[in-house]
Amino acid sequence: MTYEEAIKNINALNAVCGQKGLYDAEFESALELAILALGKQIPKKPYKDNENGVYEKEYCPSCHRSLFPNDHHCECGQAIDWEIN
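Quick summary incoming for the structure in this document.

Rules behind the numbers
- Residues numbered from 1 in each chain as written.
- Predicted model: local features only at pLDDT ≥ 70, side-chain atom pairs only at ≥ 80, totals over all residues.
- Heavy atoms only, no water.
- Helix = DSSP H or I, 4+ residues; strand = E, 2+ residues; numbered from the N terminus.
- Expected span 1.5 Å × (residues − 1).
- Buried < 20%, exposed > 50% of the residue type's maximum accessible area, 1.4 Å probe, protein only.
- Contact = heavy atoms within 4.5 Å.
- Arc of directions from axis to C-beta.
- Phe/Tyr/Trp six-rings, centres within 6.5 Å; stacked < 30°, edge-to-face > 60°.
- Axes fitted to C-alpha atoms, helices over the stretch in contact; angles between N-to-C directions.
- Parallel < 35°, antiparallel > 145°, perpendicular 65-115°, else oblique.
- Left-handed = near helix turned anticlockwise from the far one by under 90°.
- Nonpolar A, V, L, I, M, F, W, Y, C, P; charged D, E, K, R; others polar.

## Details of helix 2 (residues 25-40)
Part 1 of the argument: In this model helix 2 runs 23 Å from its N-terminal to its C-terminal C-alpha over 16 residues, within 8% of the 22 Å that 1.5 Å per residue would give.
Part 2 of the argument: Buried within helix 2 are the following residues: L31, I35, G39 and K40.
Part 3 of the argument: Next to the buried residues of helix 2 lie helix 1 (3-20).

Quick look at the structure:
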């Protein structure tokens, strides 16, 4: 199962159980946190910011912290995809 599939399944479970009132707000918060954590395991490409017109620096797409080249994960936990398409 991929991270994307797991997120889809958790969202489906959340929708069904939430409609039936099978759990409380604390459990719903735990599910949302699990989805957030799983989402950070899916590598995302950094974005570049051209502040001074010459130097482009890469930033995390989730928290917008600056990244060092080839960081595999940001400090926030987001997986980074440096692969060029």
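## Examining helix 1
Part 1 of the argument: Between its first and last C-alpha atoms helix 1 spans 26 Å; for 18 residues at 1.5 Å apiece the expected length is 26 Å, and the two agree.
Part 2 of the argument: Regarding helix 1, the residues found buried are A6, I7, I10, N14 and C17. Along helix 1, the residues classed as buried sweep out an arc of 110° about the axis, all on the same side. Opposite its buried face, helix 1 presents the exposed residues K8, Q19 and K20, each directed more than 90 degrees away.
Part 3 of the argument: Tucked into the core, helix 1 has its buried residues touching helix 2.
Part 4 of the argument: One or two steps after helix 1, the chain reaches G21, where phi turns positive at roughly 65°.

## Points about the packing of aromatic side chains
Part 1 of the argument: What the rule picks out here adds up to one aromatic pair.
Part 2 of the argument: Consider the rings of Y47 and Y59, whose centres lie 5.6 Å apart with planes at 25°: the pair is stacked. Pair noted here: Y47 is in strand 1 (residues 47-50) and Y59 is in strand 2 (residues 56-59), with a separation of 12 residues, a long-range link.

## Description of the packing of helix 1 against helix 2
Part 1 of the argument: At a minimum axis distance of 9 Å, the contact between helix 1 and helix 2 shows a crossing angle of 165°. Judged by the inter-axis angle, helix 1 sits roughly antiparallel to helix 2. Along this stretch, helix 1 crosses helix 2, giving a crossing that reads as left-handed. Listed contacts from helix 2 to Y3, A6, I7, I10, N11 and N14 of helix 1 are E28, L31, I35, L38 and G39.
Part 2 of the argument: Taken together, the residues of the contact of helix 1 with helix 2 sort by class into seven nonpolar, three polar and one charged.

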